[in-house]
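Letter by letter, the chains look like this.
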Amino acid sequence: MEQISVSQRLLFTTITIMYWTSMYVYVPTLSPYLSDRGLSLQLIGIVLGSYGFVQMFVRFPLGILSDRLGKRKPFILLGMLTAGFSCLLFLIPGLWIWPLAGRLMAGVCASTWVAFTVLYASYFGAGQTGRAMGNISVMTVSGQMIGMLLSGWLTEGFSENAPFSLGAIIAGIGLLLAFMLKEPLAELRDQPGMSFAMIRNVVRTRTLLQVSLLSILAHGVLFITMFGFTPLKAEEIGAGGFGLSVVVFAFMLPHAFASLVTARWFTPRFGYWGTIGTGFVLSTLCTAAMVFADSLSMLAATQAINGFAQGLHMPLLLGLAIRDVEPPGRATAMGLYQALYAIGMFTGPFLAGWLNEGWGLNGGFLFGSLLGAAAAMLVWVWARQEHKVLMLSTNHLQ
């Protein structure tokens, strides 16, 4: 494995944070922004869901292409370019088609995350995938938190278009920095090229398919709540720009903390399934509790616990997706994983928007809690199956 310099790791960290900041600097104000432009809750759900819809079709082919070429950097450059372009599309006044186009382009941008995760994993040894994914999850949350905290302040202090303008500027700077990235290719040179037979083997990996299904449900919850309709809930109970920033901070800080310590503290004590299951149970309870949140403090409390809960399972699911896959197939595996969880990013807010139209915001939050409960049940079933297999093999050895 090639030695990666500290400066390159710092450069990658900076670019990754800017990538997520540019994509999320307008997310907390997006649903109120669309509402102010006259879009119905159902149409808002379609615009929000389009972000995941694109990723369902782009991420997997992009991962395969990255493995076939043995390159990650070109896709990172594409990510920074499309991040800036998506922000600019929101600035075009008039028809609702422009916000939709902007969110679709953001979906293309997010699809390049496949290359980011696999490149960063290549900086670490084979047994350190969990640590690598924990680190990159912290970068993700840090960028999202910076962007989302700026969002309310920019809207209140300047204009509703200010978050999109800043997002485009950040993406442009990130694009220039990305040209200086270097990728370790020795690991890929020593491996045979990615064949279609290898692709077939990758997509049949049991762990990959299990964590992909769980991640569909997890992202459904996330994009119904904090990255979807929670800002409208905050606005409904009287929160302004500062109040929205409080809710964002309440979610993102525990989320970042949990992402950082999960692989180090919780997994060694409770195992993968125990930690992931705990995260889903807490997330289910907090999403359901949002129905009863009638004050900013109560809403912030539900988001704080929900943020911590999602920080328990998100990094572990990400790491498990490529744990059992050889390096030449990792972008393919990550592409499939991210394409599948994009189903949750699309269907979650889409169905919640439809429910919200008829039942109000609480209908969507109750639907989100059902998704979390389904995930917790799957974890319990699979953990029991794994325990039985382990017991049988132990008895057989004895």
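Engineer: In this structure, what is going on with the overall build of the protein chain? I would like to understand it.
Structural biologist: When its secondary structure is counted, the protein chain shows 15 helices and zero strands. The C-alpha atoms of the protein chain give 20 Å as radius of gyration, which agrees with the globular expectation for 398 residues (21 Å, within 12%). With respect to the principal axes defined by its C-alpha atoms, the protein chain has extents near 60 × 50 × 35 Å. A buried classification covers 57% of the 398 residues belonging to the protein chain. For the protein chain, the proportion of contacts with a sequence separation of at least 24, taken over those separated by at least 6, is 85%. Roughly 16000 Å² of accessible area belongs to the protein chain as shown, and the carbon and sulfur atoms make up 69% of that amount. Averaging the positions of the 21 positive and the 15 negative side-chain charges in the protein chain gives two centres separated by 11 Å.

Engineer: It is not clear to me how the pattern of salt bridges should be interpreted in this structure. Could you clarify?
Structural biologist: Any two side chains of opposite charge can pair, on the condition that their charged atoms come close. Evaluation of the coordinates by the stated rule reveals one salt bridge. In this structure, Asp-67 and Arg-72 form a salt bridge, with 3.1 Å as the shortest nitrogen-oxygen distance. Taking the relative accessible area as the measure of exposure, Asp-67 reaches 5% and is therefore buried.

Engineer: Help me understand the packing of aromatic side chains in this model?
Structural biologist: Two aromatic rings, taken as a pair, are described by how far apart their centres are and by the angle between their planes. According to the stated counting rule, one finds 23 aromatic pairs in the structure shown. With centroids separated by 5.1 Å and ring planes inclined at 80 degrees, the aromatic side chains of Tyr-19 and Trp-20 adopt a geometry described as edge-to-face. Note on accessibility: Tyr-19 and Trp-20 belong to one class, buried. Plain terms: the ring middles of Tyr-26 and Phe-164 are 5.0 Å apart, the flat faces sit at 35 degrees to each other, and that makes the pair tilted. Of this pair, Tyr-26 sits in the loop between α1 (6-24) and α2 (27-36) while Phe-164 sits in helix α8 (residues 162-178); the two residues are 138 residues apart in sequence, bridging distant segments of the chain. Exposure remark for Phe-164: the relative accessible area of 0% places this residue in the buried category. Joined through ring pairs, the aromatic side chains of Phe-12, Tyr-19, Trp-20, Tyr-24, Trp-113, Phe-116, Tyr-120 and Tyr-123 make up one cluster. If you follow Arg-103 out to its NZ or CZ, it ends over the ring of Tyr-51, 4.1 Å from the centre.

Engineer: Which parts of the structure should I look at to understand helix α5 (residues 97-111)?
Structural biologist: For an α-helix, the turn length of 3.6 residues means that residues three or four places apart are oriented alike. Spanning 15 residues, α5 covers 21 Å between terminal C-alpha atoms, matching the ideal 21 Å at 1.5 Å per step. Of all the positions in α5, only Pro-99, Leu-100, Gly-102, Arg-103, Met-105, Ala-106, Gly-107, Cys-109, Ala-110 and Ser-111 are classed as buried. Check the buried side of α5 and you find it contacts α1, α2, α3 (41-69), α4 (73-90) and α6 (113-121).

Engineer: Where do I start with a nonpolar patch on the surface in this structure?
Structural biologist: Nonpolar side chains collect at one region of the surface, where Leu-95, Trp-96, Ile-97 and Trp-98 lie side by side and expose about 390 Å² of accessible area between them. In this structure, Leu-95 sits in the loop between α4 and α5.

Engineer: In this structure, what is going on with the packing of helix α11 (residues 206-236) against helix α12 (residues 241-289)? I would like to understand it.
Structural biologist: In the contact formed by α11 and α12, the axes pass within 10 Å of each other and the chain directions differ by 160 degrees. Comparing the axis directions of α11 and α12 gives the class roughly antiparallel. For α11 against α12, the interelement crossing comes out right-handed. Residues Gln-210, Leu-214, Ala-218, Val-221, Leu-222, Thr-225, Met-226, Phe-227, Thr-230, Pro-231 and Ala-234 of α11 lie in contact with α12, whose contacting residues are Leu-244, Val-247, Val-248, Phe-251, Met-252, Trp-273, Ile-276, Phe-280, Ser-283 and Thr-287. Of the residues in the contact of α11 with α12, the class split is 16 nonpolar, five polar and no charged.

Engineer: Quick question: what am I supposed to make of the state of the cysteines here?
Structural biologist: The term disulfide refers to a covalent linkage connecting the sulfur atoms of a pair of cysteines. With the rule as written, the count across this model stands at zero disulfides. Considering cysteine sulfurs only, Cys-87 is the nearest to Cys-109, which forms no disulfide, with 8.4 Å between them. Of the residues examined, Cys-109 reaches a relative accessible area of 0% and is grouped as buried.

Engineer: Would you explain the environment of Gly-307 in this entry?
Structural biologist: In this fold, Gly-307 is placed in helix α13 (residues 296-323). You can call Gly-307 buried: its relative accessible area is 0%. When the C-alpha atoms of Gly-307 and Leu-77 are compared, they prove to be 30 Å apart, with 230 residues separating the residues in sequence.

Engineer: How do you make sense of the packing of α12 against α13 when you look at a structure like this?
Structural biologist: For any two helices packed against each other, the geometry comes down to the angle between their axes and how far apart the axes lie. Two elements in contact, α12 and α13, have axes separated by 4 Å at closest approach and are oriented at 40 degrees. The orientation of α12 relative to α13 falls into the category oblique. When its residues are assigned to classes, the contact of α12 with α13 shows 27 nonpolar, 17 polar and one charged.

Rules used throughout
Residues numbered from 1 in each chain as written. Predicted model: local features only at pLDDT ≥ 70, side-chain atom pairs only at ≥ 80, totals over all residues. Heavy atoms only, no water. Helix = DSSP H or I, 4+ residues; strand = E, 2+ residues; numbered from the N terminus. Rg over C-alpha atoms; globule rule 2.2 N^0.38 Å. Buried < 20%, exposed > 50% of the residue type's maximum accessible area, 1.4 Å probe, protein only. Contact = heavy atoms within 4.5 Å. Areas by Shrake-Rupley, 256 points an atom, 1.4 Å probe, with all protein chains shown as cover. Lys, Arg positive; Asp, Glu negative; His and termini not counted. Charge placed at Lys NZ, Arg CZ, Asp CG, Glu CD. Salt bridge = Lys/Arg side-chain N within 4 Å of Asp/Glu carboxyl O. Phe/Tyr/Trp six-rings, centres within 6.5 Å; stacked < 30°, edge-to-face > 60°. Lys NZ or Arg CZ within 6 Å of the ring centre and 35° of its normal. Expected span 1.5 Å × (residues − 1). Patch = residues over 30% accessible without salt bridge, like charges linked within 9 Å, V, L, I, M, F, W, Y side chains within 5 Å. Axes fitted to C-alpha atoms, helices over the stretch in contact; angles between N-to-C directions. Parallel < 35°, antiparallel > 145°, perpendicular 65-115°, else oblique. Left-handed = near helix turned anticlockwise from the far one by under 90°. Nonpolar A, V, L, I, M, F, W, Y, C, P; charged D, E, K, R; others polar. Disulfide = S-S within 2.5 Å.

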